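Topology and contacts: notes
Chain by chain, the residues run as shown.
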Amino acid sequence: MVLIAALGLLLWGIARGRPQDLPWTPLDLGQPIGFATGAKLNRLGRDTPLCRALLTGAGIGFTRLPPRYEGDRCGYDDAVRLTAGGARQIGWRPPALGTSCGVAASLAVWEWEVIQPAAQARFGARVVAIDHFGSYACRRIYGRDTGSWSEHASANAVDIAGFRLSDGTRITVARDWAGGGAKAAFLHDVRDGACRLFATTLSPDYNAAHHDHLHLDQARRGSMGWRACR
């Protein structure tokens, strides 16, 4: 049955001319989102040289961050800082956002294939900046003293607070998620699109701790098909 399913997937992808639907074809950050795109992005966390090469090949500006270690469970050795310009036009507020390379690549695809099309459809404008609450933080989930370590502890997550449009419109998760209208629809659009790219996507629909942001991460467990989208 597994072989039959694999053959069916191969024929389906070939027939549609969409290599992004096939899990064994190389990832191309410039292709539309396909059936296998999320899993391929997740696997970039295991291959930092490939990840950096894909960012460079796609024209995405970035700088490599030096390794950082705190204690036994916190730190990173694969982080990059995205820079505006080139193929990437969205800025960050505050500007100094460093994430794991895999999250950075996923954010770039999210911008091109989800955020900008949703902004054009809902407002006829472009997103020029994203407000965020940061990526790296040496802490456990929810800041507890015990329990599992957060993906933030390895810069493998980012919290998105809102968006600024080219026409001056500002959209925030805290204020607009449940407000109805175009702003709420846009936020739900970008959340749903993130679910196709990140291993974990959490919004105010998940719990009160996420009332003011979208949590996006590339947890390693996502590489085997486990995904959280709420």
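Structural notes, computed from the coordinates.

Reading the values: the criteria
Residues numbered from 1 in each chain as written. Predicted model: local features only at pLDDT ≥ 70, side-chain atom pairs only at ≥ 80, totals over all residues. Heavy atoms only, no water. Helix = DSSP H or I, 4+ residues; strand = E, 2+ residues; numbered from the N terminus. Buried < 20%, exposed > 50% of the residue type's maximum accessible area, 1.4 Å probe, protein only. Contact = heavy atoms within 4.5 Å. Areas by Shrake-Rupley, 256 points an atom, 1.4 Å probe, with all protein chains shown as cover. Core = buried A, V, L, I, M, F, W, Y, C linked by side-chain atoms within 4.5 Å. Expected span 1.5 Å × (residues − 1). Bend = angle between axes of the 7 residues up to and from the residue. Pairing = 2+ DSSP bridges. Axes fitted to C-alpha atoms, helices over the stretch in contact; angles between N-to-C directions. Parallel < 35°, antiparallel > 145°, perpendicular 65-115°, else oblique. Left-handed = near helix turned anticlockwise from the far one by under 90°. Nonpolar A, V, L, I, M, F, W, Y, C, P; charged D, E, K, R; others polar. Salt bridge = Lys/Arg side-chain N within 4 Å of Asp/Glu carboxyl O.

Moving on: the overall build of the chain. Within the chain one finds six helices and 12 strands. For the chain, with 230 residues in total, the buried portion stands at 49%. Within the chain, contacts between residues at least 6 apart in sequence are counted, and of these 56% link residues at least 24 apart. Accessible surface computed for the chain: about 10,800 Å², of which carbon and sulfur atoms make up 56%.

To continue, consider unusual backbone geometry. Each neighbour pair has its own omega, and for arginine 93 with proline 94 the value is -5°, a cis peptide bond. Among the structural elements, proline 94 can be located in the loop between β5 (91–93) and β6 (98–100). In this model, tyrosine 142 sits at a positive phi of 60°, which is unusual for a non-glycine residue. Along the chain, tyrosine 142 turns up in the loop between β7 (127–134) and β8 (157–165). Despite not being glycine, alanine 155 shows a phi value in the positive range, around 60°.

Another point: the nonpolar core. Trp110, Phe163 and Phe186 are the most contacted members of the largest nonpolar core, which has 44 residues in total. Of all elements in the fold, only α3 (48–57), β4 (79–86), α4 (101–123), β7, β8, α6 (181–195) and β11 (214–217) reach the threshold of two or more residues within this core. Ranked by the residues each element gives to this core, the list is headed by α4, at 12 residues. Cys74, Tyr76, Ala79 and Ala155 belong to the second largest nonpolar core, which has seven residues in total.

Right, let's talk about α4 for a bit. Spanning 23 residues, α4 covers 31 Å between terminal C-alpha atoms, matching the ideal 33 Å at 1.5 Å per step. Considering bend angle alone, the principal kink of α4 is centred on glutamate 111 and spans about 45°. The positive-phi residue at the C-terminal boundary of α4 is glycine 124, with phi of around 65°.

It is a general feature of regular strands that their side chains alternate between the two faces of the sheet. Most of β8 sits inside the fold, with eight of its nine residues counted as buried. Pairing of β7 with β8, which is carried by six bridges, proceeds in the antiparallel orientation. For valine 127, the partnering residue across the bridge sits in β8 and is leucine 165. Pairing geometry for β8 and β11, over four bridges, is antiparallel.

One can describe the packing of α4 onto α6 by two numbers: an axis separation of 10 Å at closest approach and a directional angle of 160°. Taken together, the axes of α4 and α6 are roughly antiparallel relative to one another. The interaxial crossing formed by α4 with α6 has right-handed handedness. Mapping the contact onto sequence places Trp110, Val114, Ile115, Ala118, Ala119, Arg122 and Phe123 in α4 and Ala182, Lys183, Ala185, Phe186, Asp189, Val190, Gly193 and Ala194 in α6. Per-class residue counts for the contact of α4 with α6 are 11 nonpolar, one polar and three charged.

Our focus in this paragraph is the pattern of salt bridges. Scanning all chains against the criterion turns up eight salt bridges. Where aspartate 131 meets arginine 164, a salt bridge forms, and the shortest distance between an N and an O atom there is 2.9 Å. With aspartate 131 in strand β7 and arginine 164 in strand β8, the pair connects residues that are 33 residues apart, well separated along the chain. Residue aspartate 192 pairs with arginine 191 through a salt bridge whose shortest N-O separation is 2.7 Å. Overlapping salt bridges, with partners in common, bring together Asp131, Arg164 and Arg170 in one network.

Where α3 contacts α4, the axes come no closer than 9 Å and their chain directions differ by 30°. Compared by their axis directions, α3 and α4 come out roughly parallel. When the axes of α3 and α4 are compared, the crossing they make is left-handed. Each of Cys51, Arg52 and Leu55 in α3 lies in contact with α4, whose residues at this interface are Cys101, Gly102, Ala104 and Ala105.

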